[in-house]
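One letter stands for each residue in the lines below.
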Amino acid sequence: MDYSWLRAPAAQVAGTARTLLGWEISAGGVRIRLTEVEAYAGTGEDPASHAHRGPTPRTRVMFGPAGHAYTYFVFGVHWCLNIVCGGDGEAAAVLLRAGEVVDGSDIARKRRGEVADRDLARGPARLVVALGVTAEANGTSVIDGSGPLLLTPPERPVTPSEISAGPRVGVAAAHDVPWRFWVTGDPTVSSYRRHVPRRRNS
(Lines give C-alpha, C1' and ligand atoms only; values in the text may rest on other atoms or scores of the structure.)
Protein backbone atom coordinates (compact mmCIF):
# COMPACT_ATOMS: atom_id res chain seq x y z
CA MET A 1 0.00 0.00 0.00
CA ASP A 2 1.51 3.31 -1.11
CA TYR A 3 0.97 6.08 1.43
CA SER A 4 3.91 8.17 0.24
CA TRP A 5 1.60 11.18 -0.26
CA LEU A 6 1.48 11.47 3.54
CA ARG A 7 5.11 12.62 3.41
CA ALA A 8 4.72 15.01 0.46
CA PRO A 9 5.13 18.72 1.25
CA ALA A 10 2.22 21.14 1.02
CA ALA A 11 3.72 22.67 -2.12
CA GLN A 12 3.05 19.34 -3.90
CA VAL A 13 -0.66 19.28 -3.01
CA ALA A 14 -1.67 19.11 -6.70
CA GLY A 15 0.30 15.90 -7.08
CA THR A 16 -1.25 14.52 -3.91
CA ALA A 17 -4.73 15.28 -5.24
CA ARG A 18 -3.96 13.35 -8.43
CA THR A 19 -2.67 10.44 -6.35
CA LEU A 20 -5.92 10.20 -4.37
CA LEU A 21 -8.07 9.59 -7.44
CA GLY A 22 -9.23 6.00 -7.33
CA TRP A 23 -8.70 5.70 -3.57
CA GLU A 24 -11.71 4.62 -1.54
CA ILE A 25 -13.25 6.48 1.40
CA SER A 26 -15.51 4.56 3.80
CA ALA A 27 -17.86 5.60 6.58
CA GLY A 28 -21.26 4.64 7.95
CA GLY A 29 -21.52 1.42 5.95
CA VAL A 30 -20.78 3.12 2.61
CA ARG A 31 -17.61 2.91 0.50
CA ILE A 32 -16.90 5.40 -2.29
CA ARG A 33 -14.25 5.32 -5.02
CA LEU A 34 -12.97 8.85 -5.53
CA THR A 35 -13.40 10.13 -9.09
CA GLU A 36 -13.01 13.90 -8.58
CA VAL A 37 -10.88 15.93 -6.18
CA GLU A 38 -9.66 19.51 -5.80
CA ALA A 39 -6.38 20.76 -4.33
CA TYR A 40 -5.88 23.73 -2.00
CA ALA A 41 -2.53 24.95 -0.73
CA GLY A 42 -2.04 26.96 2.44
CA THR A 43 1.42 28.21 1.69
CA GLY A 44 0.36 31.86 1.30
CA GLU A 45 0.24 31.54 -2.47
CA ASP A 46 -3.32 30.23 -2.83
CA PRO A 47 -5.95 32.86 -1.97
CA ALA A 48 -8.72 30.31 -2.50
CA SER A 49 -7.49 28.26 0.47
CA HIS A 50 -9.15 28.62 3.87
CA ALA A 51 -5.64 28.63 5.35
CA HIS A 52 -4.28 31.36 3.08
CA ARG A 53 -3.92 33.90 5.91
CA GLY A 54 -2.72 31.47 8.57
CA PRO A 55 -4.32 29.23 11.17
CA THR A 56 -7.68 30.00 12.76
CA PRO A 57 -9.74 27.86 15.14
CA ARG A 58 -11.53 26.44 12.07
CA THR A 59 -8.48 25.84 9.86
CA ARG A 60 -5.94 24.72 12.46
CA VAL A 61 -6.45 21.09 11.41
CA MET A 62 -5.22 21.98 7.91
CA PHE A 63 -1.74 22.61 9.33
CA GLY A 64 -1.18 18.94 10.05
CA PRO A 65 -0.61 16.19 10.56
CA ALA A 66 -1.42 14.76 7.15
CA GLY A 67 -4.03 12.04 6.83
CA HIS A 68 -6.71 13.74 8.91
CA ALA A 69 -10.15 14.99 7.94
CA TYR A 70 -11.00 18.66 7.57
CA THR A 71 -14.73 19.33 7.40
CA TYR A 72 -16.45 22.66 6.98
CA PHE A 73 -19.97 24.03 6.55
CA VAL A 74 -20.66 25.95 3.34
CA PHE A 75 -23.53 28.34 2.57
CA GLY A 76 -25.06 27.40 5.93
CA VAL A 77 -26.43 24.24 4.32
CA HIS A 78 -23.80 21.67 3.28
CA TRP A 79 -20.81 19.91 4.82
CA CYS A 80 -17.68 19.35 2.73
CA LEU A 81 -14.89 16.85 3.39
CA ASN A 82 -11.16 17.34 2.81
CA ILE A 83 -8.07 15.23 3.39
CA VAL A 84 -5.24 17.15 5.07
CA CYS A 85 -1.81 16.78 3.47
CA GLY A 86 1.60 18.40 3.71
CA GLY A 87 4.12 18.38 6.53
CA ASP A 88 3.32 19.48 10.07
CA GLY A 89 2.88 23.24 10.11
CA GLU A 90 2.32 23.35 6.32
CA ALA A 91 -1.34 23.76 5.49
CA ALA A 92 -2.81 21.97 2.48
CA ALA A 93 -5.87 19.87 1.81
CA VAL A 94 -7.64 17.96 -0.93
CA LEU A 95 -11.40 18.44 -1.24
CA LEU A 96 -13.29 15.25 -2.08
CA ARG A 97 -15.64 16.38 -4.84
CA ALA A 98 -17.25 13.22 -6.19
CA GLY A 99 -17.11 9.47 -6.33
CA GLU A 100 -18.73 6.17 -7.22
CA VAL A 101 -20.49 4.25 -4.46
CA VAL A 102 -18.96 0.79 -4.68
CA ASP A 103 -20.45 -0.68 -1.50
CA GLY A 104 -23.46 0.20 0.64
CA SER A 105 -25.53 1.76 -2.14
CA ASP A 106 -28.78 0.92 -0.32
CA ILE A 107 -27.59 2.83 2.74
CA ALA A 108 -26.41 5.74 0.60
CA ARG A 109 -29.77 5.86 -1.16
CA LYS A 110 -31.62 6.06 2.15
CA ARG A 111 -29.54 9.11 2.98
CA ARG A 112 -29.70 10.68 -0.48
CA GLY A 113 -33.17 9.68 -1.65
CA GLU A 114 -34.26 7.99 -4.83
CA VAL A 115 -31.57 9.22 -7.20
CA ALA A 116 -29.61 7.56 -9.98
CA ASP A 117 -26.53 5.59 -8.98
CA ARG A 118 -24.27 8.15 -10.67
CA ASP A 119 -25.73 10.91 -8.48
CA LEU A 120 -25.35 9.24 -5.08
CA ALA A 121 -22.00 10.95 -4.42
CA ARG A 122 -21.76 13.31 -7.40
CA GLY A 123 -20.67 16.56 -5.79
CA PRO A 124 -18.92 17.35 -2.48
CA ALA A 125 -22.08 17.83 -0.41
CA ARG A 126 -23.74 14.71 -1.82
CA LEU A 127 -20.60 12.68 -1.10
CA VAL A 128 -20.69 13.74 2.56
CA VAL A 129 -24.40 12.93 2.88
CA ALA A 130 -23.90 9.50 1.28
CA LEU A 131 -21.18 8.71 3.82
CA GLY A 132 -23.25 9.98 6.75
CA VAL A 133 -20.37 12.21 7.85
CA THR A 134 -20.93 14.86 10.51
CA ALA A 135 -18.84 17.62 12.08
CA GLU A 136 -17.51 15.05 14.55
CA ALA A 137 -15.21 13.72 11.81
CA ASN A 138 -13.23 16.96 11.77
CA GLY A 139 -9.63 16.43 12.88
CA THR A 140 -9.88 12.63 13.04
CA SER A 141 -7.50 10.27 11.26
CA VAL A 142 -8.65 8.77 7.97
CA ILE A 143 -5.72 6.35 7.90
CA ASP A 144 -5.51 4.35 11.12
CA GLY A 145 -9.17 3.44 11.63
CA SER A 146 -9.50 5.42 14.85
CA GLY A 147 -12.06 7.82 13.37
CA PRO A 148 -15.35 7.40 11.50
CA LEU A 149 -13.62 7.63 8.09
CA LEU A 150 -11.16 5.25 6.47
CA LEU A 151 -9.20 6.04 3.30
CA THR A 152 -7.68 3.06 1.48
CA PRO A 153 -5.65 2.73 -1.74
CA PRO A 154 -7.16 1.16 -4.86
CA GLU A 155 -6.37 -2.29 -6.19
CA ARG A 156 -5.56 -0.62 -9.51
CA PRO A 157 -4.21 2.95 -9.35
CA VAL A 158 -5.59 5.53 -11.76
CA THR A 159 -2.93 6.18 -14.43
CA PRO A 160 -1.89 9.71 -15.50
CA SER A 161 -3.45 9.14 -18.92
CA GLU A 162 -6.86 8.64 -17.25
CA ILE A 163 -6.79 11.99 -15.40
CA SER A 164 -8.13 15.33 -16.59
CA ALA A 165 -7.47 18.70 -14.96
CA GLY A 166 -9.30 22.01 -14.99
CA PRO A 167 -10.26 25.11 -12.97
CA ARG A 168 -11.65 24.85 -9.47
CA VAL A 169 -15.35 25.21 -8.67
CA GLY A 170 -17.16 27.80 -6.57
CA VAL A 171 -14.18 29.86 -5.41
CA ALA A 172 -13.99 33.63 -5.79
CA ALA A 173 -10.18 33.81 -5.92
CA ALA A 174 -7.73 31.85 -8.08
CA HIS A 175 -10.62 29.99 -9.68
CA ASP A 176 -8.68 29.46 -12.92
CA VAL A 177 -5.93 27.48 -11.20
CA PRO A 178 -6.23 23.99 -12.80
CA TRP A 179 -6.22 22.09 -9.53
CA ARG A 180 -9.46 20.18 -9.99
CA PHE A 181 -8.70 16.64 -11.12
CA TRP A 182 -11.06 13.92 -12.26
CA VAL A 183 -11.17 10.50 -13.88
CA THR A 184 -11.77 11.29 -17.55
CA GLY A 185 -15.20 10.28 -18.78
CA ASP A 186 -16.43 8.94 -15.43
CA PRO A 187 -20.20 9.54 -15.11
CA THR A 188 -19.99 10.36 -11.39
CA VAL A 189 -17.85 13.47 -11.94
CA SER A 190 -19.76 16.66 -11.11
CA SER A 191 -20.62 19.35 -13.63
CA TYR A 192 -18.31 22.37 -13.83
CA ARG A 193 -19.77 25.73 -12.86
CA ARG A 194 -17.58 28.81 -12.88
CA HIS A 195 -17.90 31.09 -9.85
CA VAL A 196 -20.08 34.14 -10.52
CA PRO A 197 -19.71 36.98 -7.98
CA ARG A 198 -22.94 38.13 -6.37
CA ARG A 199 -23.98 41.63 -7.28
CA ARG A 200 -24.61 44.03 -4.44
CA ASN A 201 -27.77 46.08 -4.52
CA SER A 202 -26.97 49.72 -5.12
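Above this text you will find the structure in question.
Residues numbered from 1 in each chain as written. Predicted model: local features only at pLDDT ≥ 70, side-chain atom pairs only at ≥ 80, totals over all residues. Heavy atoms only, no water.

Asks: Quick rundown of the pattern of salt bridges? Include the residues and the values.
Replies: Taken as a whole, this structure holds 8 salt bridges when the rule is applied. In this structure, Asp117 engages Arg109 in a salt bridge whose closest nitrogen and oxygen atoms are separated by 2.3 Å. With a closest N to O distance of 3.4 Å, Arg122 and Asp119 form a salt bridge. Overall, the relative accessible area of 17% leaves Arg122 in the buried class. Through salt bridges that share partners, Glu36, Arg97 and Arg180 make up one connected network. (Salt bridge = Lys/Arg side-chain N within 4 Å of Asp/Glu carboxyl O. Buried < 20%, exposed > 50% of the residue type's maximum accessible area, 1.4 Å probe, protein only.)

Asks: Break down the environment of Ser161 for me, citing the residues and quoting the values.
Replies: Mapped onto the secondary structure, Ser161 falls in the loop between strand E6 (150-152) and strand E7 (163-166). Residue class for Ser161 comes out exposed when judged on its relative accessible area of 68%. (Helix = DSSP H or I, 4+ residues; strand = E, 2+ residues; numbered from the N terminus.)

Asks: Explain the packing of helix H2 (residues 105-112) against helix H3 (residues 124-131) to me, using residue names and the numbers behind them.
Replies: At their nearest, the axes of H2 and H3 sit 8 Å apart, and the two run at 115° to each other. Pair H2 / H3 crosses with right-handed handedness. Mapping the contact onto sequence places Ala108, Arg111 and Arg112 in H2 and Arg126, Val129, Ala130 and Leu131 in H3. In terms of residue class, the contact of H2 with H3 is built from 4 nonpolar, no polar and 3 charged. (Axes fitted to C-alpha atoms, helices over the stretch in contact; angles between N-to-C directions. Left-handed = near helix turned anticlockwise from the far one by under 90°. Contact = heavy atoms within 4.5 Å. Nonpolar A, V, L, I, M, F, W, Y, C, P; charged D, E, K, R; others polar.)

Asks: I'd like a rundown of the side chain of Arg33, residues and numbers included.
Replies: Counting through the fold element by element, Arg33 comes out in strand E2 (residues 30-41). The contacts of Arg33, once residues within four sequence positions are left out, are Gly22, Trp23, Glu24, Ala98, Gly99, Glu100, Val102, Val158 and Asp186.

Asks: Please provide a residue-by-residue account of the packing of aromatic side chains, values included.
Replies: Evaluated as defined, the whole model comprises 4 aromatic pairs. Measuring from ring centre to ring centre gives 5.5 Å for Tyr70 and Tyr72, while their planes differ by 35°; the resulting arrangement is tilted. Every member of this aromatic cluster is reached through a ring pair, and the members are Tyr3, Trp5 and Trp23. (Phe/Tyr/Trp six-rings, centres within 6.5 Å; stacked < 30°, edge-to-face > 60°.)

Asks: So, the nonpolar core: which residues are in play, and what are the values?
Replies: Counting 41 residues, the largest nonpolar core has Ile32, Leu131, Leu149 and Leu151 as its most contacted members. Within the residue set of this core, elements represented by two or more residues are helix H1 (13-20), strand E1 (24-27), E2, strand E4 (78-84), strand E5 (92-103), H3 and strand E8 (180-183). Here this core gets 6 residues from one element, more than from any other, and that element is E2. Excluding residues within four positions of it along the chain, Leu151 makes contact with Tyr3, Trp5, Leu20, Trp23, Glu24, Ile25, Leu34, Ile83, Val142 and Ile143. Tyr40, Cys80, Ala91 and Ala93 belong to the second-largest nonpolar core, a separate cluster that totals 13 residues. (Core = buried A, V, L, I, M, F, W, Y, C linked by side-chain atoms within 4.5 Å.)

Asks: Before we move on, can you summarise H1 with the specific residues and values?
Replies: Residues of H1 that are buried: Val13, Ala14, Thr16, Ala17 and Leu20. For H1, the angular spread of the buried residues around the axis is 160°, confining them to a single face. On the buried face of H1, the contacting elements are E2, E4, E5, E6 and E8. Where H1 terminates, the next one or two residues include Gly22, which has phi positive at roughly 95°. (Arc of directions from axis to C-beta.)

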